[in-house]
Amino acid sequence: MPDHKNTPTLVKCLIWDLDNTLWRGVLLENDEVVVPDAIRDVIVELDARGVLHAVSSKNDHDLAWERLRELGLADYFVAARIGWGRKSDAVREIAGLLEFAERTVAFIDDQATERAEVEFHLPEIRCYPAERATELPGLPEFTPVSHTADSGRRRTMYQANLRRNAERAEYQGPDAEFLRSLGLRLTVARAGEEDIARAEELTVRTSQMNATGVHYSDADLRALLTDAHHEVLVASLSDRFGSHGVIGIVLVARHASSWHLKLLATSCRVMSFGIGAALLGWIADQAARAEVHLIADFRRTDRNRIMEVAYRFAGYEQQDCGCAQELAPGGNNIERLHLKPVRQEPPVTLALAAPDLTG
Ligand SMILES: [Zn+2]
């Protein structure tokens, strides 16, 4: 994320100790422990910003979870490790479950020894003492640059994802069969003003799945909405567990004999669902019907090799073709991958709804 070097890495998940951190007192000594309003406000505010909450507590599991329910807070926690093991193990497990890098996870506990134990084993985890809880929303690492509707829904999307993964772990059949059982629905639509904040967020967040590593700013994207030669498209995904929200962006410039695929980025969260391939197949089919070639910008970064694989798999090659003459030079180590598209069969693992770009 070259544009965000000066801001600290954002915390994606805050893991809470319970006794004398989340609530006042020790549950096993007093089952009427209460959560101060100021702490409740921190939980709700960070949740609205898209920061997930989890629990790591040395406690009786059933008793502690029941108390969180009674307090009306259980739904805010996407994961809980409540037991008598090491906190560092609990924190590592939660980070693994959510597939978050350790540097994006934070831990808050009133016990200096527990914080030291986590820091010793997991030096990248950010640890905070309990008395700093109410300061957290004011810290830059808890303050995302942009707020979108999807930030507010991030928790429910992760909760659905965890249920989905649990089913997947139990599912014995081949992968395509599992994907079909999800009832995936991919919807591509021309972006409106209301989609731009989320689209911009995707170009920043999707470093593994961004074919150019280019960050299009909010203003750049907004300007392209009204440009007759450009298509700004957003892809959203849902399945029988619920919505994944907007998970992809495609930016296409139309020329007389080619369409220039300037940006294709999809969320890492949906990497295993074959969304990149489905989008590339759809664009190839549209271009074949419009009788134009496709030229895709690709810039190698140290994280996006999977996108190169996706383009190669879809048949894109480095190739001299007259259609490239219509494009301004790429620059900045951008490779131009070329495809003479052919009509495509509709995807078999998902239902696709998309506009007709050929008109
Ligand atoms: Zn060509």
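Residues numbered from 1 in each chain as written. Predicted model: local features only at pLDDT ≥ 70, side-chain atom pairs only at ≥ 80, totals over all residues. Heavy atoms only, no water.

S.K.: Is there a simple way to explain the environment of threonine 203 in this structure?
M.R.: Within the fold, threonine 203 resides in helix α7 (residues 196–205). Here threonine 203 falls in the buried class, since its relative accessible area comes to 5%. Taking the C-alpha atoms as reference, threonine 203 lies 28 Å from arginine 180; in sequence the two are 23 residues apart. (Helix = DSSP H or I, 4+ residues; strand = E, 2+ residues; numbered from the N terminus. Buried < 20%, exposed > 50% of the residue type's maximum accessible area, 1.4 Å probe, protein only.)

S.K.: Looking at this structure, how should I read the coordination of the zinc ion?
M.R.: When a metal holds four donors in a tetrahedron, each ideal angle between them is 109.5 degrees; when it holds six in an octahedron, the ideal angles are 90 or 180 degrees. His293 (ND1), Cys321 (SG), Cys323 (SG) and His338 (NE2) make up the full set of protein donors to the zinc ion, lying at 2.0 to 2.3 Å. Classification of the site at the zinc ion as tetrahedral follows from its 4 donor atoms and the range of 103 to 127 degrees in their angles at the metal. Between consecutive donors of the zinc ion, the numbers of intervening residues give the motif H-x27-C-x1-C-x14-H. Here histidine 338 lies in strand β11 (residues 335–339) and cysteine 323 lies in the loop between α10 (305–313) and β11, a separation of 15 residues in the sequence. Considered together, cysteine 323 and histidine 338 belong to a single accessibility category, that of buried residues. (Donors = N, O, S within 2.8 Å, 3.2 Å for Na, K, Ca; no water. Tetrahedral: all angles 85-135°; square planar, octahedral: opposite > 155°, others 65-115°.)

S.K.: Just checking my understanding: could you explain the domain arrangement of the protein chain for this structure?
M.R.: How big an interface is tends to be stated in terms of accessible area lost as the parts join. Once the domains are mapped, the protein chain shows domain 1 (2–142) and domain 2 (176–353). Taking only C-alpha atoms into account, the centre of domain 1 sits 37 Å from that of domain 2. (Domains from an automatic or database assignment.)

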